[in-house]
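Structural characterization, general
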Amino acid sequence: GLWWSRFDDLALTPGDGANRGDDAGDRINLDMQIRITRVRPNAVIPAYASAGAAAFDLTAAETIIIPPKEQGVIPTGLVFQIPADHVFHIFSRSSTFSKLGLLLANGVGVIDSDYCGPKDEVCMLFYNPSDTEVTIQAGTRVAQGMIYPHPRIEFVEGKAEGTNRGGFGSTG
């Protein structure tokens, strides 16, 4: 089974390795633990950049060169045990394009809770739209992740109800 636990009152200060925040005295309340397995020696355990950060940073475990107009896989070097009924989303960092010139190729990465075997390393697919190659050094923060609970949906076929609004998802 998947392993995770809840904490009621645990809070770590920045010096305890809970984050890389700059604000001395900030506290982070932890809601769950996620088991992580390193599958590459350079893998960096994800961390929150500040006490107020909603997402944790994901780091390149290897130096990767992405040629112009091509995509490249950047490994995290980590396998994540995501709790059942949860999903791990990977987003581009706000500075990834401006600093590195890369786009997260699939927009948002979705890691299911059953992607957790010993060889199920989480990797990130980036696209280099430029005319020059981009080198990502091992240890570079390239993406951010969030883990959410998600409901299991049953779809029931039936007659559409409501009024036609027109457009493509438009409200007007």
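Residues numbered from 1 in each chain as written. Predicted model: local features only at pLDDT ≥ 70, side-chain atom pairs only at ≥ 80, totals over all residues. Heavy atoms only, no water.

**Side note on the overall build of the chain**
The condition that has to hold: Helix and strand definitions follow DSSP, with helices as H or I runs of at least four residues and strands as E runs of at least two, each counted in order from the N terminus. For every residue, the accessible area (1.4 Å probe, protein chains only) is compared with the maximum for its type, and the residue is labelled buried under 20%, exposed over 50%, or partly exposed between those bounds. Note on definitions: a residue-residue contact is assigned when non-hydrogen atoms from the two residues lie within 4.5 Å. Each accessible area value is a Shrake-Rupley result obtained with a 1.4 Å probe; residue values ignore everything except the protein chains displayed when judging cover.
Looking only at helices and strands, the chain has 1 helix and 13 strands in total. Along the chain, helices and strands appear, N-terminal first, in the series β-β-β-β-β-β-β-β-α-β-β-β-β-β. Considering the chain as a whole, with its 172 residues, one finds that 30% of them fall into the buried category. Sequence-distant contacts in the chain: of pairs separated by 6 or more residues, those separated by 24 or more amount to 71%. Roughly 10,900 Å² of accessible area belongs to the chain as shown, and the carbon and sulfur atoms make up 50% of that amount.

**Looking at the sheet that holds strand β13 (residues 141–149)**
Spelled out, the test is: In this scheme, strands are said to pair when DSSP sees at least two bridges between them. Lines are fitted to the C-alpha atoms to define the axes, a helix being fitted only along its stretch in contact, and any angle between axes, read from their N-to-C directions, falls within 0 to 180 degrees.
The strand order β4-β13-β8-β10 describes an open sheet built from 4 strands, whose pairing is antiparallel. Two strands bound the open sheet, and with one partner strand each, they are β4 (56–59) and β10 (109–112). Taking the axes of each pair of neighbouring strands and ignoring which way they run, one obtains an average angle of 35 degrees across the sheet. When strand β8 (residues 86–92) meets β10, the two strands line up antiparallel, connected through 4 bridges. In the sheet register, Phe 88 faces β10, and the bridge partner there is Ile 111.

**Considering the nonpolar core**
What counts here: By convention a nonpolar core is built from buried Ala, Val, Leu, Ile, Met, Phe, Trp, Tyr and Cys residues, the set being connected through side-chain atoms within 4.5 Å.
Grouped together as the largest cluster of nonpolar side chains are 22 residues, with contacts concentrated most on Leu 58, Ile 74, Phe 88, Ile 90, Met 124 and Phe 126. Of all the secondary-structure elements, those providing two or more residues to this core are β4, β5 (64–66), β7 (78–81), β8, β11 (123–128), β12 (134–136) and β13. Apart from residues lying up to four places away in sequence, Phe 88 is in contact with Phe 56, Leu 58, Phe 80, Ile 82, Gly 109, Val 110, Ile 111, Val 122, Gly 145, Met 146 and Ile 147.

**Digging into the environment of Asn 128**
Definition in use: Between N or O atoms, a polar contact is any pair within 3.5 Å; within protein, one atom must be a potential hydrogen donor and the other a potential acceptor, and residues adjacent in sequence are included only when both atoms are from side chains.
Mapped onto the fold, Asn 128 is located in strand β11. At a separation of 2.8 Å, a polar atom in the side chain of Asn 128 contacts the main-chain carbonyl oxygen of Thr 132.

**Topic: unusual backbone geometry**
Positioned with a positive phi, Lys 69 is a non-glycine residue whose angle comes to about 60 degrees. In this structure Lys 69 comes out as partly exposed when scored by relative accessible area, which is 45%.

**Here we look at the pattern of salt bridges**
Our working rule: Salt bridges are defined as contacts in which a side-chain nitrogen from Lys or Arg sits within 4 Å of a carboxyl oxygen from Asp or Glu.
If you walk through the whole model with that rule in mind, you get 5 salt bridges. We note a salt bridge from Glu 121 to Arg 40, for which the minimum N-O separation is 2.7 Å. Residue Glu 121 is located in the loop between β10 and β11, and its partner Arg 40 is located in the loop between β3 (35–38) and β4; the two are separated by 81 residues in the primary sequence. Using a relative accessible area of 12% as the deciding quantity, one classes Glu 121 as buried. The salt bridge involving Lys 69 is made with Asp 131; its shortest N-O contact spans 3.1 Å.

**Observations concerning the sheet that holds β11**
Strand order in this open sheet of 3 strands is β6-β11-β9, and the pairing throughout is antiparallel. The open sheet has two free edges, formed respectively by β6 (70–75) and β9 (103–104), since each of these has just one partner strand. As defined by bridge partners, β6 adjoins β11 across 6 bridges and the pair is classed as antiparallel. For Gly 72, the partnering residue across the bridge sits in β11 and is Phe 126.

**A short note on the environment of Arg 152**
Mapped onto the secondary structure, Arg 152 falls in the segment after β13. Overall, Arg 152 belongs to the exposed group, its relative accessible area being 75%. Sequence-wise, Arg 152 and Asp 85 are 67 residues apart; in three dimensions their C-alpha atoms are separated by 7.6 Å.

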